[in-house]
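Structural characterization, general
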Amino acid sequence: MRFKFLPVILVIFLLANFMVSARDPLTLRVATAENQGSPAVEGLYRFKEFVERRTSGRIKVQLYIAGTRGQEEELLEGLRRGAVDAVLVSSSKYKALVPEMELLSLPLLFATEEHWQEALNGRPGQRLGDFAFQRRREMVMGYMTTGSQNIFTRRDLVSLGGLRGMKISAGSSSLTLEAWRALGLEPVVVADSELTVALQSGWVDAVGSDFFDYNRLKLYEAAKCMVRTCHIIRTYPFILSGRAWDQIPQNLRRVVISCGQEACLWQARHAFTRNKQINEELSRKYWVRPLNPTPEERAAWEKQILPLQDRVAAQLGVEDILREIRALAPEPEITKEKGRGKEERE
């Protein structure tokens, strides 16, 4: 008799456990190698806020920043193995797994910050994300950034032509080295931790940087002349694994993707705004002096880099995406000036 009610008790116990586990929230583990305070990390905090609020706590987001789950190569491997559910990595690292992402490492690909936003929030960005799904069943929810990069030099310049022959710090990417040579500069591979010393010692004459890193690394101590080149906008795809997608309840999947998209939109606007604020602060405090290239100088620079852009796009098989990005570019100032001159003559 004492075992008569055992099956009933067992069923009740299992049902109770099921109900408790059903109420347990799903936790998405999101990782980046970017440090606390980076504009990119702020975008991840906004994603966490969006997801937890819009799912009413049914999905939680656990953030791992500053490389606590590994550097970018390790994070991408962890995404494949299921050690993390989503990562924010630079496109220059993601290209090792999705080669088409190298397109985003091309200099002077985007004419302005607004051009970057229109392209990556539109069809070109979506099409690049499609390659990630086809190759790795990963979803690119959007793109974040640390802002546009300019060139900072040790000595004052009066024109863009003054950069020719200058030694500029560069990463070890063969594409970056080739690009600087095409633009007439002499690239020198320098680690971020050595940039200030390299500038102070004359090992390099110039450095390309966004204002966030320019301020964080105190590069203004050695390089006070800023050439507004906007030569590259560092891009970070925000990637969700297929494994994580499968674990998300069906009725919440689109909610999570929407949160990722909106977090990326917010982050990009915030990063561009914050860079402008830091620019103004440093100009007042440290007398950082700007040099604005003329429309003719800008057009000449872009013409120098076109053959490299065309060749790389052809090698990657994304010539049509490159054309789409170029078609979204604003009308060059030099073309506008010619148009105004023609109207005045008529």
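This text gives an overview of the structure that appears in the document. (Residues numbered from 1 in each chain as written. Predicted model: local features only at pLDDT ≥ 70, side-chain atom pairs only at ≥ 80, totals over all residues. Heavy atoms only, no water.)

This paragraph deals with the pairing of strand 8 (residues 225-241). A large share of strand 8 lies buried, amounting to 14 of its 17 residues. Relative to strand 8, strand 3 (residues 86-88) runs antiparallel, the two being bridged by three bridges. Bridge assignment links Leu88 to a residue of strand 8, and that residue is Phe238. One ladder, built from 12 bridges, connects strand 4 (residues 138-153) with strand 8; its direction is antiparallel. Counted as the bridge partner of Val140 is Ile239 from strand 8. (Buried < 20%, exposed > 50% of the residue type's maximum accessible area, 1.4 Å probe, protein only. Helix = DSSP H or I, 4+ residues; strand = E, 2+ residues; numbered from the N terminus. Pairing = 2+ DSSP bridges.)

As a further point, take the pairing of strand 2 (residues 59-64). Sheet topology places strand 1 (residues 26-32) next to strand 2; six bridges connect them, and they run parallel. When the sheet's bridge partners are listed, Val30 is paired in strand 2 with Leu63. Each parallel crossover has a hand, and for strand 1 linked through helix 2 (residues 39-54) to strand 2 it is right-handed. (Right-handed = clockwise from strand over helix to strand, strands pointing away.)

Before going further, it helps to spend a moment on the environment of Phe238. Assignment of secondary structure puts Phe238 in strand 8. A residue is classified by how much of its surface remains accessible, and Phe238, at 0% relative accessible area, is buried.

When we look at burial in helix 7 (residues 174-182), the residues that qualify are Leu175, Leu177, Ala179 and Trp180. Looking at the buried residues of helix 7, the elements they touch are strand 4, strand 5 (167-170), strand 6 (186-189), strand 8 and helix 12 (295-316). Taking the backbone nitrogen of Leu175 as reference, a side-chain oxygen 3.3 Å away marks Ser173 as the first, capping residue of helix 7. Phi for Gly184, located one or two positions after helix 7, is positive at around 90 degrees. (Contact = heavy atoms within 4.5 Å. Polar contact = N/O pair within 3.5 Å; in protein donor to acceptor, adjacent residues only side chain to side chain.)

Attention now moves to the pattern of salt bridges. Side-chain pairs of opposite charge can arise where the charged atoms are in close proximity. Under the definition given, this model contains 24 salt bridges. Close ionic contact of Glu73 with Lys93 constitutes a salt bridge, the shortest N to O distance being 3.0 Å. Of the two residues, Glu73 sits in helix 3 (residues 72-81) while Lys93 sits in helix 4 (residues 91-94), which places them 20 residues apart along the sequence. With a closest N to O distance of 3.4 Å, Arg274 and Glu281 form a salt bridge. Note on Arg274: relative accessible area 29%, which makes it partly exposed. Among the charged side chains, a salt-bridge network with shared partners connects Arg123, Arg127, Asp320 and Glu324. (Salt bridge = Lys/Arg side-chain N within 4 Å of Asp/Glu carboxyl O.)

Our focus in this paragraph is the packing of helix 7 against helix 12. Think of two packed helices as two axes; the pair is described by the angle between the axes and how far apart they sit. Remark: helix 7 packs on helix 12, axes separated minimally by 9 Å, with the N-to-C direction vectors making an angle of 150 degrees. For the pair helix 7 and helix 12, the crossing hand works out as right-handed. On helix 12, the residues that touch Leu175, Glu178, Ala179, Trp180 and Ala182 of helix 7 are Trp301, Gln304, Ile305, Leu308, Arg311 and Val312. (Axes fitted to C-alpha atoms, helices over the stretch in contact; angles between N-to-C directions. Left-handed = near helix turned anticlockwise from the far one by under 90°.)

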